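# An overview of the molecular structure
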Amino acid sequence: QVQVVESGGGLVQPGGSLRLSCAASGSIFRTVIMGWYRQAPGKLRELVARFSNGGSTNYADSVKGRFTISRDNANNTVYLQMNNLKPEDTAVYYCNVVATSGPWSQLSTYWGQGTQVTVSS
């Protein structure tokens, strides 16, 4: 079993900042991908930022230059620093983890429960 727990969401004014955290725990041998997605009301879930296999980063065009993803490999934790937030960043943010539970195990995908980010004056 793998648990994925997010924290750090909340209400912030436009131009403000928030930092999201995501910790994965349980039967993890190796994390391959860790990242963040978001889903606004009436819209599909979309990639925000992630560490891909090999450690490279991917960002949505809409957040480049404003959001920064970082990670603590020793603790299977990933962070999302969000600066200069805009109302269109309002969404539920989900942590995504792709990991194996053993050296010969298949990859499995896990999601957190989501954390609400609201940008409003």
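Keep in mind the model is a prediction, meaning the values are calculated, not measured.

## A short note on the nonpolar core
Core analysis: the biggest nonpolar cluster contains 29 residues, and Trp36, Val48, Phe67, Val78, Leu80, Met82 and Tyr93 have the highest contact counts within it. Listing elements by their share of this core, those giving two or more residues are strand S1 (2–7), strand S3 (18–26), strand S4 (30–39), strand S5 (46–51), strand S7 (67–72), strand S8 (77–82), strand S9 (91–100) and strand S11 (115–119). With five residues, S9 is the single largest residue contributor to this core. Setting aside residues no more than four positions away along its own chain, Leu80 makes contact with Leu18, Arg19, Leu20, Trp36, Val48, Ala49, Phe67, Thr68, Ile69 and Tyr93.

## Notes on the pairing of S7
Across six bridges, the pairing between S7 and S8 is antiparallel. The partner of Asp72 across the bridge, within S8, is Thr77. Hairpin remark: S7 followed by S8, antiparallel, with four residues in the connecting loop; positive phi at Asn76, about 50°.

## Here we look at the state of the cysteines
The full count for this structure, using the stated rule, is one disulfide. Sulfur-sulfur distance for the disulfide between Cys22 and Cys95 comes to 2.0 Å. Since a negative S-S torsion denotes a left-handed disulfide, the Cys22-Cys95 link at about -80° is left-handed. With a gap of 73 residues between them, Cys22 in strand S3 and Cys95 in strand S9 connect regions that are remote in the sequence.

## Comments concerning the pairing of S9
Each regular strand displays side chains that alternate between the two surfaces of the sheet. Here S9 lies mainly inside the structure; nine of its 10 residues are buried. For S9 and S11, the ladder comprises three bridges, and the chain directions are antiparallel. Opposite Ala91, over in S11, you have Val117 as the bridge partner. As judged from the four bridges shared by S9 and strand S10 (residues 108–111), these two strands associate in the antiparallel manner. Looking at the pairing, Val97 lines up with Tyr110 of S10.

## Description of the pattern of salt bridges
The tally for this structure, following the rule as stated, stands at four salt bridges. With its nearest N and O atoms 3.1 Å apart, the salt bridge here joins Asp61 to Lys64. A relative accessible area of 65% places Asp61 in the exposed class. One salt-bridge network, in which partners are shared between bridges, spans Arg38, Glu46, Arg66 and Asp89.

What counts and what doesn't
- Residue indices follow the written sequence of each chain, beginning from 1 at its first position.
- Confidence filtering applies because this is a predicted model: local features only for residues at pLDDT of at least 70, side-chain atom pairs given and counted only at 80 or more, and all residues used for totals across whole chains, interfaces and linings.
- To get the side-chain values, all heavy atoms of the structure are used, and hydrogens and water are removed first.
- As used in this record, nonpolar core signifies buried Ala, Val, Leu, Ile, Met, Phe, Trp, Tyr and Cys residues forming a set joined through side-chain atoms within 4.5 Å.
- In this scheme, a residue with accessible area under 20% of its type's maximum is buried, one over 50% is exposed, and one in between is partly exposed, where area comes from a 1.4 Å probe on protein chains only.
- Labels follow the DSSP assignment, with helices taken as runs of H or I lasting at least four residues and strands as runs of E lasting at least two, numbered in each case from the N terminus.
- For this analysis, residues touch if any pair of their heavy atoms sits within 4.5 Å.
- The pairing criterion for strands is at least two bridges between them, as found by DSSP.
- Two cysteine sulfurs form a disulfide in these notes if their separation is within 2.5 Å.
- Salt bridges are counted wherever a side-chain nitrogen of Lys or Arg sits within 4 Å of a carboxyl oxygen of Asp or Glu.

Read these as geometric descriptors, not functional statements.
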